[in-house]
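# Examination of the molecular architecture
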Amino acid sequence: MCYVHMERLLRKGATRTPQTEAGKVLRALTLTLFETTSTVFRQRYTNYLEKYLPFLNEKTTNPFIGRSEWTHERLRTASLSVYTHLPHLFTYEINTKIPTQNSHHFKCT
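Predicted, not measured: the structure shown is a model, and the values here were computed from it.

Thresholds applied
- Residues numbered from 1 in each chain as written.
- Predicted model: local features only at pLDDT ≥ 70, side-chain atom pairs only at ≥ 80, totals over all residues.
- Heavy atoms only, no water.
- Helix = DSSP H or I, 4+ residues; strand = E, 2+ residues; numbered from the N terminus.
- Buried < 20%, exposed > 50% of the residue type's maximum accessible area, 1.4 Å probe, protein only.
- Contact = heavy atoms within 4.5 Å.
- Areas by Shrake-Rupley, 256 points an atom, 1.4 Å probe, with all protein chains shown as cover.
- Salt bridge = Lys/Arg side-chain N within 4 Å of Asp/Glu carboxyl O.
- Expected span 1.5 Å × (residues − 1).
- Bend = angle between axes of the 7 residues up to and from the residue.
- Phe/Tyr/Trp six-rings, centres within 6.5 Å; stacked < 30°, edge-to-face > 60°.
- Core = buried A, V, L, I, M, F, W, Y, C linked by side-chain atoms within 4.5 Å.

Scanning the protein chain from N- to C-terminus turns up six helices and two strands. Counted from the first residue to the last, the protein chain has its helices and strands arranged as α-α-α-β-β-α-α-α. Across the 109 residues in the protein chain, those meeting the buried criterion constitute 36%. A fraction of 58% describes how many contacts in the protein chain between residues 6 or more apart in sequence connect residues 24 or more apart. Carbon and sulfur atoms form 56% of the exposed surface of the protein chain, whose accessible area is close to 7100 Å².

Right, here's the structure in full:
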């Protein structure tokens, strides 16, 4: 996955001006995506999940239909999409055929 597309996906869930602490931290983590290594990003993301996963897993019962829904659904979806795409985010570090000059600007694979 391209960094730009990952950033857009995360921005959709966390917004540009997040209101919750988990959203603000995810936004900050997103902004480091372009200037970090896979090891550092994975560690930061792991720390994020350890701290905010209980918050992301909160459910609220809709009083009108009686069904449980994720309280922070957009933020949860965005946060967990990193988990899904993480194996493909830093392909340029492994694949030597990707020019490093372009990878700093686009980092699309």
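All right, on to the pattern of salt bridges then. Under the counting rule described, the total for this entry stands at three salt bridges. Between Arg27 and Glu7 there is a salt bridge; the shortest N-O distance is 3.3 Å. Placement of Arg27 in helix H2 (residues 21-31) and of Glu7 in helix H1 (residues 3-14) is noted, with a sequence separation of 20 residues between them. Exposure class is identical for Arg27 and Glu7. Each is buried.

Take helix H4 (residues 73-89) next. The first and last C-alpha atoms of H4 sit 23 Å apart over 17 residues, in line with the 24 Å expected at 1.5 Å per residue. Of all the bends in H4, the greatest reaches close to 40° and is centred on Tyr83; the proline Pro87 follows between one and four positions later. Buried within H4 are the following residues: Leu75, Arg76, Ala78, Ser79, Ser81, Val82, Leu86 and Leu89.

Looking now at the packing of aromatic side chains. Counted by the stated rule, this structure contains three aromatic pairs. Arranged with centres 5.8 Å apart and planes meeting at 50°, the rings of Phe41 and Phe90 form a pair that is tilted. You can see Phe41 sitting in helix H3 (residues 38-56) and its partner Phe90 sitting in the loop between H4 and helix H5 (91-94), a full 49 residues away along the chain. The same class applies to Phe41 and to Phe90, which are both buried. Measuring from ring centre to ring centre gives 5.1 Å for Tyr48 and Tyr52, while their planes differ by 40°; the resulting arrangement is tilted. Of this pair, Tyr48 and Tyr52 both sit in helix H3, four residues apart, which is roughly one turn of that helix.

Bringing the side chain of Ser79 into the picture now. Along the chain, the position of Ser79 falls in helix H4. Not counting residues within four places of it along the chain, the set of residues in contact with Ser79 comprises Leu10, Leu26, Tyr45, Tyr48 and Leu56.

With that out of the way, let us pick up the environment of Trp70. Positionally, Trp70 belongs in strand E2 (residues 68-70). What makes Trp70 partly exposed here is its relative accessible area of 31%. As a C-alpha pair, Trp70 and Thr60 span ten residues in sequence and 6.3 Å in three-dimensional space.

What follows concerns the nonpolar core. In terms of nonpolar packing, the biggest core is built from 21 residues, with Leu26, Phe41, Tyr45, Tyr48, Leu89 and Phe90 touching the most fellow members. Secondary-structure elements contributing two or more residues to this core are H1, H2, H3 and H4. By residue number, the principal contributor to this core is H3, which donates six residues.

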